Amino acid sequence: MQSIETVLRFSTNWNHKLNCDSFTTLRLDSSKYQVGSTYKVMFKGYLKDVKVLDKKTLLLENITDWIAYLDTGYNREECIKIIKKMYSSHSIDWNTKKLQFLLLKTITN
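To start, this report covers the structure provided alongside it. No experiment lies behind these values; they were computed from the predicted model shown.

A few points about the overall build of the protein
- When you go through the protein residue by residue, the secondary structure sums to 2 helices and 5 strands.
- Taking 2.2 N^0.38 as the reference for a compact globule, 109 residues should give roughly 13 Å; the C-alpha atoms of the protein span a radius of gyration of 14 Å, in line with that estimate.
- The dimensions of the protein, computed from C-alpha atoms along their principal axes, are 40 × 25 × 25 Å.
- Expressed as a percentage of its 109 residues, the buried residues of the protein come to 39%.
- If you take every contact in the protein between residues at least 6 apart in sequence, the share linking residues at least 24 apart comes to 70%.
- For the protein, the exposed area adds up to about 6,600 Å²; of that, 50% sits on carbon and sulfur atoms.
- Positive and negative charge centroids in the protein, built from 17 and 11 side chains respectively, lie 5 Å apart.

Remarks on the pattern of salt bridges
- In total, this model carries 4 salt bridges according to the counting rule given.
- Residue Asp-49 is joined to Lys-40 by a salt bridge in which the shortest nitrogen-to-oxygen separation is 3.6 Å.

Some thoughts on the packing of aromatic side chains
- One pass over the full model with this rule turns up 4 aromatic pairs.
- The interplanar angle of 55° and the centroid separation of 6.3 Å between the aromatic rings of Tyr-87 and Trp-94 together place this pair among those described as tilted.
- According to the relative accessible area criterion, Tyr-87 is buried, its value standing at 14%.
- Look at Trp-94 and you get buried, because its relative accessible area is 17%.
- If you follow Arg-27 out to its NZ or CZ, it ends over the ring of Phe-10, 4.6 Å from the centre.

Concerning the pairing of strand E4 (residues 46-59)
- Relative to E4, strand E3 (residues 38-42) runs antiparallel, the two being bridged by 5 bridges. Each bridged residue has a counterpart across the sheet, and for Met-42 the counterpart in E4 is Tyr-46.
- Here E3 folds back onto E4 in antiparallel fashion, the turn holding 3 residues, of which Lys-44 has a positive phi close to 55°.
- Note: E4 against strand E5 (residues 98-106), 9 bridges, orientation antiparallel. Counted as the bridge partner of Lys-51 is Lys-105 from E5.

Each value, and the rule that gives it
Residues numbered from 1 in each chain as written. Predicted model: local features only at pLDDT ≥ 70, side-chain atom pairs only at ≥ 80, totals over all residues. Heavy atoms only, no water. Helix = DSSP H or I, 4+ residues; strand = E, 2+ residues; numbered from the N terminus. Rg over C-alpha atoms; globule rule 2.2 N^0.38 Å. Buried < 20%, exposed > 50% of the residue type's maximum accessible area, 1.4 Å probe, protein only. Contact = heavy atoms within 4.5 Å. Areas by Shrake-Rupley, 256 points an atom, 1.4 Å probe, with all protein chains shown as cover. Lys, Arg positive; Asp, Glu negative; His and termini not counted. Charge placed at Lys NZ, Arg CZ, Asp CG, Glu CD. Salt bridge = Lys/Arg side-chain N within 4 Å of Asp/Glu carboxyl O. Phe/Tyr/Trp six-rings, centres within 6.5 Å; stacked < 30°, edge-to-face > 60°. Lys NZ or Arg CZ within 6 Å of the ring centre and 35° of its normal. Pairing = 2+ DSSP bridges.

So, in structure tokens, the structure goes:
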């Protein structure tokens, strides 16, 4: 098994997804998110280790209800508001900045 490379921090357990063995997360596009990479999930302290099974790159405007409900439990419009609020301290051009929609799987020993 690959060693845990970095940390994925969650401030909210949207849709109670962190309780599941497999779940998704929307993150700003970054080269650190690679299929096969492993991460420590942090939510109010260490929670578990996960592996990236797949990823899709998309613009904020391309979030669908399907993606939004799966990831946050809210519709597309509310999900977009949540993402903009989460990154409100960053100067982001949402017309060009891409997101990564990551599919994660809990690593069990």
